Amino acid sequence: MTGMSDAVRPYAEGYKDFESALACGAPPWLTALRREALARFTSGGFPGEREEDWKYTSTRSLQQRAFIPALAASSAAAVAIEPARLRETPACTLVFVDGRHAPALSTAESTINGLHVNTLAAALTHDAARLESYLVPEPGWSADPFIALNTAFLRDGVVIEVDAGIRLAQPLQLLFVSTRQAHPLACHPRILVRLGAGAHGVLVETYLGLEGAANLTNSHTQIALEDGACLEHLRLQRESPEGFHVGRVHVTQQHASRYLSNNLDLGGLWVRNDLHARLQAAEATAVFNGLYVVNAHRHVDNHTRIDHLAPHTRSDELYRGIVGGGRAVFNGKVVVAKHAIKTDASQSNDNLLLSRQAEIDTKPELEIYADDVKCSHGATIGQLDEQALFYLRSRGLDPETARGLLIGAFAVTVLDRISVPELRVFARRQLSHALASQVVIELS
Amino acid sequence: MNETASMSTQTSDVEKLVRSEYRHGFVTDIEADTVAPGLNEDVIRLISGKKHEPQFMLDWRLRAYRHWLTMREPQWAHVRHAPIDYQAISYYSAPKSKRNAPKSLDEVDPKLLETYEKLGVPLHERARLAGVAVDAVFDSVSVATTFREKLAKAGVIFCSFSEAVKSHAQLVEQYLGSVVPYSDNFFATLNSAVFTDGSFVFVPKGVRCPMELSTYFRINAANTGQFERTLIIAEEGAHVSYLEGCTAPMRDENQLHAAVVELVALEGAQIKYSTVQNWYPGDENGVGGIYNFVTKRGDCRGNDSKISWTQVETGSAITWKYPSVLLRGDNSIGEFYSVAVANHHQQADTGTKMVHIGRNTRSTIVSKGISAGHGQNSYRGLVKVLAGAEHARNYTQCDSLLMSDRCGAHTFPYMEVKNPTAKVEHEATTSKISEDQLFYCRSRGISTEDAVNMIVSGFCKDVFKELPMEFAVEAQRLLAVTLEGTVG
Amino acid sequence: MLSIKNLHARVAGKDILKGLDLEVQAGETHAIMGPNGSGKSTLAHILAGREGYEITHGSVTYLGMELLTMAPEERAREGMFLAFQYPVEIPGVNNVYLLKAAYNAIRKHRGEEQLDAVDFLALVKAKMQLMEMDASLLSRAVNEGFSGGEKKRNEILQMLVLEPKLALLDETDSGLDIDALKVVASGINRLRSPERAVVMVTHYQRLLDYIEPDFVHVLAGGRILKSGDKSLAVELERRGYDWVLAEAAA
């Protein structure tokens, strides 16, 4: 353990407890995978600001907290998590409290034909061999220290498989609840999603921090879409104002598949998301919609990347930020590989900067290695439109109402891109809750 | 048979077009005073000694050198090259002259005059460019500055940097390194240690410089680096427009050019700085060419001042430059207009930084990148609005034109904003010359070549219109030559 | 109702209004005409309370109140309505939502009861029929993607719903074809009553064929140069503005 930095030591020590607390009988490949990932994490350490991808986000505050692994199961009151539940009948809801499955809060197993939902813990017990190929890190993504950490502490999460041709109308909801703990915990849920050829699905991934929860959630979602598969994904992050959140979503897409991501960041003290789609075959489409609401001293960083690796692929990205305090970071990268001709990619990032105590750092990037492509990006940082404000006031609305209306409208433009109506309603409700509870509007 | 024959003719035509020659690639056969390759404190003392510099200058160089030893070459740019051996470069080369410094053009070596004539920059009185004063820098030293008397009458100082260090030491000492400190970055620090010459401009309070000022840089000697330094100071209310042009012979080795340009604009002053950079880009296989690693920065120090950079970058194997403006004064304005071409195996990583410090500061960025052959072209820009920069405004337009399926076009804009009254806007697009556009032009009787030129010129129009007239024509011609044969 | 006395205003250091006087009584309809750049739109904006204008001299009273110290929303709640020359597009804000928020803000100000959604919708739908507007426009964002004609109809629809005491119409006829113009004009005429006043700012006489004014004023160079009845508008249409300018200079 020589040469290990102070920041990673608690994780190395926590791992010992973690491994001994695990029920014996883990297949040797899994133990090896965990140990190898831990070694990768402890030797590389936390990323520093000198790394281009971490230029605007310091991991210092994360390093200062010595999160411990969640060894025992926690509990949460059903009433406390009610507001984050999808009211409209979901196909099934799986609830996790501090990283561990909570059957009492979850719905019964789904009986829908062609849909297979299991907790990762159960799948590792009964069907581990089949998961091996999914869990081994993909090349290029193995360097990510947070994925290494997630892999080292791999224990629970969800495995979702939809058989070819199955079209699910009702959404699946995964609800990860973070609770108040005397000693803050680190939870590392892993979510595996696989849609067979022509399958359709709707997934809602919700992170809810209860009052006083100051844990680290370090989740990793891996999505694979076969030919013609279609997934709409709503990722709603509502950690507590003291919560730390790291989210990794990796998507691989085959021919004519379609991935629609809706990413809402409404909470958290320190948040870093990386959303990455690889369009590996022709006619694949990725749509990224994102919204971040940042206030007080919170820090929210969204990195997105879309790789156009095949001809005739399409991507469309809109991320918007409402920043009334703290710091918001956006980095959107679109890469068009050689030979990925007829790529159509558009990206835009718009920000409202509403306070003197706030900062926005944005960096939309294009890397293009093919000539016959249509690519554009744009980014704006500004305030509410003075003309629109005057128009509303000339109709009798007071400045506060007019401002609130325009802020809401700015945000709703993103939510209107959600294609499943009940998800749109759910997202709007969550947003208005966040806007009402946070003082994002400050007159300067 | 016939078909094959006509195919091959066609191919050779295209190849001929692609092999667009570099028209400034000749070597002047002139005896030069060149120091042996290598860099150490003695070399710096030697350079300073040869130039009879005052002590402050030598001290500054040595400080820079010692700092440089602690630095590492930057790696973040989107460019690739073999490691540079800084000990294999000669840091000083000057044409041998019978006297120490030519007092008039009559004393300048006729071979040098001929060189500039061939480059289209005649230094003789009778043939001089109308209304443009020229400082000609050959390898490490300035060989001639024209129109000096006329400028002196207006109170404008325009001379070689070496001369300024001697004759205007106080001004140099006051302003040198005040915009780009000797510790700024790897290449600027190297330049601070070893720079050999360059141009110096001082426009006093209230004076509008009566003519365009220009410097023509020429690298001639082999295995030398060129490290010139330009310092332009515009006092309160002064206006000046400055142009620079650059060429070099065709050589198989890469040569390093690491220049520094510092601009200071006091209250109400305006500086317009235009560059047409046509250093040797290397051949179509990527052999040879200049590494152009340049630090250019302007400081809008006074209220209501304005600094405008315009660049047309067609040459160099690698271009690494980010002409920037520090908008300190209230209501100050920064502009950056750029056309950058990367053909064959050229790599360009260029852009700007606009740092908004004062109130009501405005900046405009227009960048046009053209990629052809295997060229890699990156725009890298930073717009930074500090907390006190009330009502700062930036608009950035960044377009790429792709002309082959082997090239690359990349955009890396950084926006950092800390003031809630700021408005920052960035837009970028990528396009190619479409078959439809070409067919349309050709069906109207225009050749493919002319059609491409027309479309490319249209693409660059917003930048060309910022150039002084003579330069705009030159830039357009250069662009046509550089891109000859890129679309078959 | 409205009294403008010796109003001087400038924008970006340039004098636009240079001593404008105007009296408007309840029940009257005024047309303010004038060449481009004469200050017509500036006047409308200043009356509605738009920022960016510096009032260097003069006063404006509205229903006995000092208008120039009132916020735009106070003016609206006191019954002033500006139909914009270029109605603003507000993506994401629902058209009917805005209308309801405005309607209830004004009712609240008057101490009246708020109307619930069902009753309000019925009210709006009735008014929309008058304006021959498609009901789908209600669920769209304010003016977003509306054609020029749709925007102008939407302005008049808002006016009919809000029932202002003083309606200011800024170039409402511009960009309308003849059928749309008739619909818009009938909407405006419907609002005319002894308790209300209408001030129309227009470049052309065309609108006045459908909305007959009681008074016509020529605004040029920042002042009212000439006032008359509707026959003045006809004369202006025939002879242009030059003769008024010449007359004033003489």
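A quick note: this is a predicted structure, and the numbers were derived from the prediction, not measured.

Draft legend 1. Summary view of the overall build of chain C. Within chain C one finds eight helices and 12 strands. Projecting the C-alpha coordinates of chain C onto the three principal axes gives extents of approximately 60 × 40 × 35 Å. Per-residue burial over chain C gives 52% buried out of 250 residues. Of the contacts formed within chain C by residues at least 6 apart in sequence, a portion of 67% connects residues at least 24 apart. Put simply, chain C shows about 10900 Å² of open surface, and 49% of that area lies on carbon and sulfur atoms.

Draft legend 2. Geometry of the arrangement of the chains. For the two pairs of chains in contact, the largest share of contacts goes to chains A and B. Separated without contact, chain B and chain C have their nearest C-alpha atoms at a distance of 15 Å.

Draft legend 3. Structural detail: the sheet that holds strand 4 (residues 54-62) of chain C. Residue and element names in this part refer to chain C. The four strands lie next to each other as 2-1-4-5, forming an open sheet whose pairing is antiparallel. The two strands at the open ends of the sheet, each matched to only one other strand, are strand 2 (14-24) and strand 5 (65-66). Relative to strand 4, strand 1 (residues 2-11) runs antiparallel, the two sharing seven bridges. Bridge assignment links histidine 8 to a residue of strand 4, and that residue is histidine 57.

Draft legend 4. Up close: the side chain of glutamine 346 of chain B. Residue and element names in this part refer to chain B. Position of glutamine 346 among the secondary structure elements: in the loop between strand 17 (333-342) and strand 18 (347-356). By relative accessible area, which is 4% here, glutamine 346 ends up buried. A polar contact is formed between the side chain of glutamine 346 and the backbone oxygen of serine 316, at a distance of 2.9 Å. The contact partners of glutamine 346, leaving out residues within four places of it in the chain, are Pro281, Thr314, Gly315, Ser316, Ala317, Val341, His374, Gly375 and Gln376.

Draft legend 5. Structural view of the interface of chain C and chain A. Residue-level contacts link 31 residues of chain C with 17 residues of chain A. Here chain C packs against chain A, burying approximately 1900 Å² in sum over the two surfaces, 66% of which is carbon and sulfur. One salt bridge connects aspartate 398 of chain A with arginine 77 of chain C, and the closest N-O pair in it is separated by 4.0 Å. Linking chain C with chain A are eight residue pairs in polar contact (both at pLDDT 80 or more), by the criterion used here. Put simply, the parts of the chain that give the side of chain C that touches chain A at least two residues each are helix 2 (72-77), strand 6 (80-83), strand 7 (90-94), helix 3 (95-109) and helix 5 (148-162) of chain C. Among the elements that make up the side of chain C that touches chain A, the one with the highest residue count is helix 3 of chain C (six residues).

Draft legend 6. Spotlight on the pattern of salt bridges. All names here are of chain A. Taken as a whole and judged by the stated rule, the model has 57 salt bridges over all chains. A salt bridge links arginine 417 to aspartate 316; its shortest N-O distance comes to 3.6 Å. Of the two residues, arginine 417 sits in the loop between helix 9 (399-415) and helix 10 (421-437) while aspartate 316 sits in strand 17 (residues 314-323), which places them 101 residues apart along the sequence. The residue glutamate 367 makes a salt bridge to lysine 333 at a minimum N-O spacing of 3.3 Å. In this pair, glutamate 367 is assigned in strand 20 (residues 358-368) and lysine 333 in strand 18 (residues 326-336), connecting sequence segments 34 residues apart. Classification of glutamate 367 as buried rests on a relative accessible area of 11%.

Cut-offs applied
Residues numbered from 1 in each chain as written. Chains lettered and ligands numbered in written order. Predicted model: local features only at pLDDT ≥ 70, side-chain atom pairs only at ≥ 80, totals over all residues. Heavy atoms only, no water. Helix = DSSP H or I, 4+ residues; strand = E, 2+ residues; numbered from the N terminus. Buried < 20%, exposed > 50% of the residue type's maximum accessible area, 1.4 Å probe, protein only. Contact = heavy atoms within 4.5 Å. Areas by Shrake-Rupley, 256 points an atom, 1.4 Å probe, with all protein chains shown as cover. Pairing = 2+ DSSP bridges. Polar contact = N/O pair within 3.5 Å; in protein donor to acceptor, adjacent residues only side chain to side chain. Buried area = accessible area lost by both parts, 1.4 Å probe. Salt bridge = Lys/Arg side-chain N within 4 Å of Asp/Glu carboxyl O.

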